[in-house]
Amino acid sequence: MTAIDRPHPKPRDYVRIALILFVITAAEVSVTYVDALDSSRAVLLLTMSAAKFAIVVGWYMHLRFDSRIYRNLFMLGLIAAPILFGAVLLSFGLLIGN
Amino acid sequence: MVVATDQTEHAGHPDPTNVGKVAMWAFLGSECLFFGTLISTFLLYHNTTLDGPTAQEIFDVPFTSVSSFVLLMSSLTMVLAHYAAGRRDWRRMRVWLLATAGLGLVFLSGQAYEFTNFVHEGLTVTTSPFGSAFFVLTGFHGGHVAIGVLMLLATTFMSFSGRLHEGQGMNVELVGLYWHFVDIVWIVIFTVVYLLQV
């Protein structure tokens, strides 16, 4: 197994990342209070949530810097989860009949 | 480009062929499916409130936002603990581990307060499918946080007692991976369960 050749973050970088996460969280909460954004609220919230998810996984969990086998193992579950979600929705939709 | 792992750069996770780390990532991948199922169930039933309160009536987004912030900050303290372990700065590692456990306990206290409020307002696990799905999902997440706190405290006390030495970096990293996973699950729950429902 091999590790990705990228410089590792330092504590200062981790604090910067925490600030970014804080700003995104504040933006998420703000979006729920702005009526003008009603139509695009879901897209905005899911995008910001995905960004936070990727930042934590990439930097705090070191997946950007670690062996690809770890990323593959995690991605397997991450990709299977929405497939499972679709299967559950489809099954229930068919069973309930709507 | 890929290169062999450098012991200095990767000091916090020194052995790239560590079976424990592979197992932890496989476990976290399977946990994605576990929480994916619970979130799917919540989305199926989030509008089935029967005579019970709805999400709009009961959720306190400002309060939950503070809880989310606390959990996010615990990821910062966790990664700082991991960094300190990589530099073999055990004293600082213990401080950050205890800070992480403390923030986890604050989050759990907030969840207990929130659950108590919901029960007083008429939402219990048996009130409606919405209530069942909500309490099962957030309850299981809270259970994971509680297990994480125990792991953090156990690692800290093992360090105090001197039972962890050279292998400490990897132990802290595995606990850290679990803790960060608990954080990313909450990132999804906070958006899907709370923000999209109000």
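Placed above this text is the structure.
Residues numbered from 1 in each chain as written. Chains lettered and ligands numbered in written order. Predicted model: local features only at pLDDT ≥ 70, side-chain atom pairs only at ≥ 80, totals over all residues. Heavy atoms only, no water.

Each helix and strand counted, chain A has 3 helices and 1 strand in total. Reading chain A from its N terminus to its C terminus gives the helix and strand order β-α-α-α. Per-residue burial for chain A yields a buried fraction of 38% across its 98 residues. Restricting the contact set of chain A to residue pairs at least 6 apart, pairs at least 24 apart contribute 62%. Accessible surface, chain A as shown: approximately 5,400 Å² in total, 71% of it carbon and sulfur. (Helix = DSSP H or I, 4+ residues; strand = E, 2+ residues; numbered from the N terminus. Buried < 20%, exposed > 50% of the residue type's maximum accessible area, 1.4 Å probe, protein only. Contact = heavy atoms within 4.5 Å. Areas by Shrake-Rupley, 256 points an atom, 1.4 Å probe, with all protein chains shown as cover.)

This next bit is on the interface of chain A and chain B. Taken together, the contacts link 49 residues of chain A with 50 residues of chain B. Buried area between chain A and chain B, summed over both chains or domains, comes out near 4,400 Å², and the portion from carbon and sulfur atoms is 76%. The largest share of the area that chain A buries against chain B comes from Tyr60, Met61 and Tyr70 of chain A, three residues that together contribute 14% of it. Here chain A and chain B share 5 residue pairs in polar contact (both at pLDDT 80 or more) between them. Where the side of chain A that touches chain B is concerned, the elements lending two or more residues are strand 1 (3-4), helix 1 (11-31), helix 2 (41-60) and helix 3 (68-96) of chain A. Here the side of chain A that touches chain B gets 13 residues from one element, more than from any other, and that element is helix 3 of chain A. Here the side of chain A that touches chain B is composed, by residue class, of 34 nonpolar, 7 polar and 8 charged. (Buried area = accessible area lost by both parts, 1.4 Å probe. Polar contact = N/O pair within 3.5 Å; in protein donor to acceptor, adjacent residues only side chain to side chain. Nonpolar A, V, L, I, M, F, W, Y, C, P; charged D, E, K, R; others polar.)

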